[in-house]
Structures are given as structure tokens and as C-alpha cells.
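Close look at the chain arrangement
Single-letter residue listing:
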Amino acid sequence: CEDIAILDLFHPVVRQWWLEAFGSNDCLFTPPQRQAVPLIRQGKNVLICSPTGSGKTLSAFISIINQLFVMAAEEKLDNSVYCLYISPLKSLANDIHRNLSRPLSEIQALAKERGLFVQDIRHAIRHGDIPAQEKARMNRSTPHILNTTPESLAILLSSPRFREKLATVKWVIVDEIHSLAASKRGVHLTLSLERLEELKREFQ
């Protein structure tokens with residue numbers, strides 16, 4: 001069964017969470033999830049185009065959460081960013097809660113129930129209008145998954161205190177890409193992603 005083969009890609013705790021969350025459905029994965037999850041697991045670039053509510057965002061997040069969980073279980077997470085979630089919209093609170101905050105908290109709760117010590121996988125939102133004290137807190141306790149906008153990413157890449165935290169980025173999720181592709185914001189983001197690649201080479 002194709003769905004069982006995809007489940008086998010997950011850490012046992014992540015697999016348990018997925019089965020408890022979606023095991024009552026006829027299919028364990030939606031079509032975009034079925035196609036995207038294995039490719040993301042292989043580290044390939046993936047463009048997901050499907051209707052609202054078909055599980056696009058979770059397709060990306062579950063693959064990344066799984067790999068971060070494996071690192072956390074081995075105590076290999078550093079105080080730096082591993083995943084950037086870039087959206088042109090500042091307010092996607094419901095989407096982030098459903099596809100990131102809730103899965104993370106429930107997966108980490110399952111790990112505790114199993115008696116496993118796992119590093120906390122931190123996430124945070126970084127926009128231009130967050131308070132200075134929150135920015136300072138992110139420097140001290142850096143989110144492993146950072147939700148930001150194209151404009152804020154450009155600022156972070158120029159920040160003497162934060163740019164080093166981006167050198168460990170392994171995954172970039174660009175949401176609502178259709179609203180960026182043909183605009184100046186899209187050009188701006190493309191430049192920032194190239195700067196990110198250069199930054200990673202600089203710190204290798």
C-alpha cells in the first residue's frame with residue numbers, strides 16, 4: 001500500500017500522531033500529500049498546486065517536522081533556524097496553528113508519554129512590527145522554524161546578530177506563491193533566496 005510506505009518514512013512517534021489524527025479517514029494521505037511527502041523527504045524541490053483544504057501546507061510541514069524530530073531525539077538541534085516558512089500574508093494564525101503549532105505540541109506530548117527525551121522544536125513568527133524585546137528573545141532562543149514575510153527575510157539577512165542563525169536553513173516553504181510570482185515582491189524574494197544561498201556558503 002502506497003500510504004503505508006509513506007508512513008514508514010516517519011519516526012514512530014510522528015507515525016503514531018498521524019494515525020491518531022487521520023487514521024479514521026478512507027485514505028491516510030490526500031493526493032498532494034501522497035506525492036509531495038516522499039519528494040520532500042528526499043530533499044527535492046517541490047511545487048504543490050492543489051485546491052484549498054487539500055493538505056498542501058501540511059504536506060511540507062509534516063516532512064520537515066519529522067526530520068527535525070529525528071534530530072531532536074538525537075539532541076542534534078542547534079540554537080538556529082532550520083526551516084523558513086515565507087508567506088506574503090502576516091496573519092495566517094489559523095493555518096499555522098492547524099499545520100504547525102498543533103502537530104508539534106501533540107507530537108512532543110506523545111514523545112513524553114513514551115518516556116522519550118526530545119529537544120523542544122521551537123517556532124516563532126518574525127515580522128517587521130514585532131516588539132524589540134521579542135526580537136532579542138529570538139536571538140537568545142532561536143526558533144527552529146521561523147515564519148516570516150519576504151520583506152522581513154531581507155532585513156534578517158542583513159542583520160549582523162541574526163544572519164548567522166540562518167546559515168543552518170535546510171528547508172524553505174513559500175506559501176501563496178501565486179501572489180508573489182508576477183510581482184515586485186516576488187523579485188525581492190528571489191533575491192533574498194539567492195542571498196540565503198550565498199550566506200550558507202559563507203558559513204560552510
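Our subject in this report is the structure included herewith.

Cut-offs and rules
- Residues numbered from 1 in each chain as written.
- Predicted model: local features only at pLDDT ≥ 70, side-chain atom pairs only at ≥ 80, totals over all residues.
- Heavy atoms only, no water.
- Buried < 20%, exposed > 50% of the residue type's maximum accessible area, 1.4 Å probe, protein only.
- Helix = DSSP H or I, 4+ residues; strand = E, 2+ residues; numbered from the N terminus.
- Contact = heavy atoms within 4.5 Å.
- Core = buried A, V, L, I, M, F, W, Y, C linked by side-chain atoms within 4.5 Å.
- Salt bridge = Lys/Arg side-chain N within 4 Å of Asp/Glu carboxyl O.
- Phe/Tyr/Trp six-rings, centres within 6.5 Å; stacked < 30°, edge-to-face > 60°.
- Lys NZ or Arg CZ within 6 Å of the ring centre and 35° of its normal.

**Details of helix α3 (residues 31-41)**
Since the α-helix advances by 3.6 residues per turn, residues separated by three or four positions end up pointing in the same direction. Inspection of α3 places Pro32, Gln33, Arg34, Ala36, Val37 and Ile40 among the buried residues, and these make up the whole buried set. On its buried face, α3 is in contact with α1 (2-7), α2 (12-22) and α4 (56-73).

**Some details on the nonpolar core**
Counting residues in each nonpolar core, the largest one holds 37 residues, and the members touching the most others are Trp18, Ile62 and Leu68. Looking at this core, the elements that each hand over two or more residues are α1, α2, α3, α4, β1 (83-86), α5 (93-113) and β4 (171-174). The biggest single contributor to this core is α4, with 10 residues. For Ile62, the contacting residues outside a window of four places in its chain are Phe10, Val14, Trp17, Trp18, Val37 and Ile107.

**Side note on the pattern of salt bridges**
Going through the model one piece at a time under the given rule, you end up with 7 salt bridges. Notably, a salt bridge pairs Arg137 with Glu134, separated by 2.7 Å at the nearest N-O pair. Placement of the pair is Arg137 and Glu134 together in helix α6 (residues 132-140), with a separation of 3 residues, close to one helical turn. What makes Arg137 partly exposed here is its relative accessible area of 33%. A salt bridge links Arg201 to Glu198; the shortest N-O distance between them is 2.9 Å. With a gap of 3 residues between them, Arg201 and Glu198 both fall in helix α8 (residues 184-202), about one helical turn apart.

**Here we look at the packing of aromatic side chains**
Going through the model one piece at a time under the given rule, you end up with 7 aromatic pairs. Summarising the aromatic geometry, the rings of Phe10 and Trp18 are spaced 6.0 Å apart at their centres and angled 55° between planes, so their arrangement reads as tilted. Both residues of the pair, Phe10 and Trp18, belong to the buried class. Judged by centre distance (6.0 Å) and plane angle (70°), the ring pair of Trp17 and Trp18 falls under edge-to-face. On the basis of relative accessibility, which here comes to 4%, the residue Trp17 falls in the buried class. Under the relative-accessibility criterion, Trp18 is labelled buried at 0%. An aromatic cluster is built from Phe10, Trp17, Trp18, Phe22 and Phe29, whose rings are joined through pairwise contacts. Note that Arg126 overlies the ring of Phe162, its terminal NZ or CZ placed 5.2 Å from the centroid. The ring of Trp171 has Lys170 sitting right over it, with the charged end atom 5.4 Å from the ring centre.

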